[in-house]
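Here are the chains, one letter per residue:
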Amino acid sequence: MVNIDFQKYTAQSGPIVLWAWIAFTSFYTLMSFAYPFVEAKQVAVARETGYTQGANEATQAALASFSGNVFQNGQLQGQQLVVSQLIQELAKQYEGGCKEIVPVNIGTGSIGVLSTACYEQLMKAQPAATPTPTPAAQ
């Protein structure tokens, strides 16, 4: 029969168990304080990433729903509308006998516009200027 000295082995395992217990409790205590900070940082990073990704997806979806360059198309339509309104007003000016100019607001000021037809009509209505003779220098 084999004779085992249990006292020798149990005396050596005591400090090992003690150091293992100290290491475990120290690690547990540190992690119980550190884990909430680490988790809060990860949640904040995930929230920011999700917000950015959502904003990018919304922007891409909005841009995909537009056909062509919306700003340029809207600007072109606005220019066409303004030109057609100006042409209508100049036609009314000519039909009204060219008595009034068409006011056009530009920025903070305004100018008067006269159609070419009205200009030609006004030029024909004015008497031709005759040059006056000047006395000859003596």
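Everything numeric in this text was worked out from a predicted model, so none of it was measured.

Moving on, we come to the overall build of the chain. Helices and strands together make up the secondary structure of the chain, namely three helices and two strands. Scanning the chain from its N terminus toward the C terminus, one meets helices and strands in the order α-α-β-β-α. Counting the 138 residues in the chain, one finds 5% classified as buried. A sequence separation of at least 24 residues applies to 17% of the contacts in the chain between residues at least 6 apart. Carbon and sulfur atoms provide 64% of the accessible area of the chain, an area that totals close to 12,600 Å².

Further remarks concern the state of the cysteines. Going through the model one piece at a time under the given rule, you end up with one disulfide. Note that cysteine 98 is cross-linked by a disulfide to cysteine 118, the S-S spacing being 2.0 Å. On the S-S bond that ties cysteine 98 to cysteine 118, the torsion sits near -80°, and the link is left-handed. One end of the pair, cysteine 98, is in the loop between helix 2 (70-95) and strand 1 (102-106); the other, cysteine 118, is in helix 3 (residues 116-125), with 20 residues separating them in the sequence.

The next thing to look at is unusual backbone geometry. Unlike most non-glycine residues, cysteine 98 shows phi in positive territory, near 60°. A relative accessible area of 10% places cysteine 98 in the buried class.

Another aspect to go through is the pairing of strand 1. Direction of pairing for strand 1 relative to strand 2 (residues 109-113): antiparallel, over a ladder of five bridges. Counterpart to proline 103 in the pairing with strand 2 is glycine 112. Adjacent in sequence and paired antiparallel, strand 1 and strand 2 are bridged by two residues, among which glycine 107 carries a positive phi angle near 65°.

How each quantity is defined
- Residues numbered from 1 in each chain as written.
- Predicted model: local features only at pLDDT ≥ 70, side-chain atom pairs only at ≥ 80, totals over all residues.
- Heavy atoms only, no water.
- Helix = DSSP H or I, 4+ residues; strand = E, 2+ residues; numbered from the N terminus.
- Buried < 20%, exposed > 50% of the residue type's maximum accessible area, 1.4 Å probe, protein only.
- Contact = heavy atoms within 4.5 Å.
- Areas by Shrake-Rupley, 256 points an atom, 1.4 Å probe, with all protein chains shown as cover.
- Disulfide = S-S within 2.5 Å.
- Pairing = 2+ DSSP bridges.

Honestly, it's all geometry; don't read function into it.
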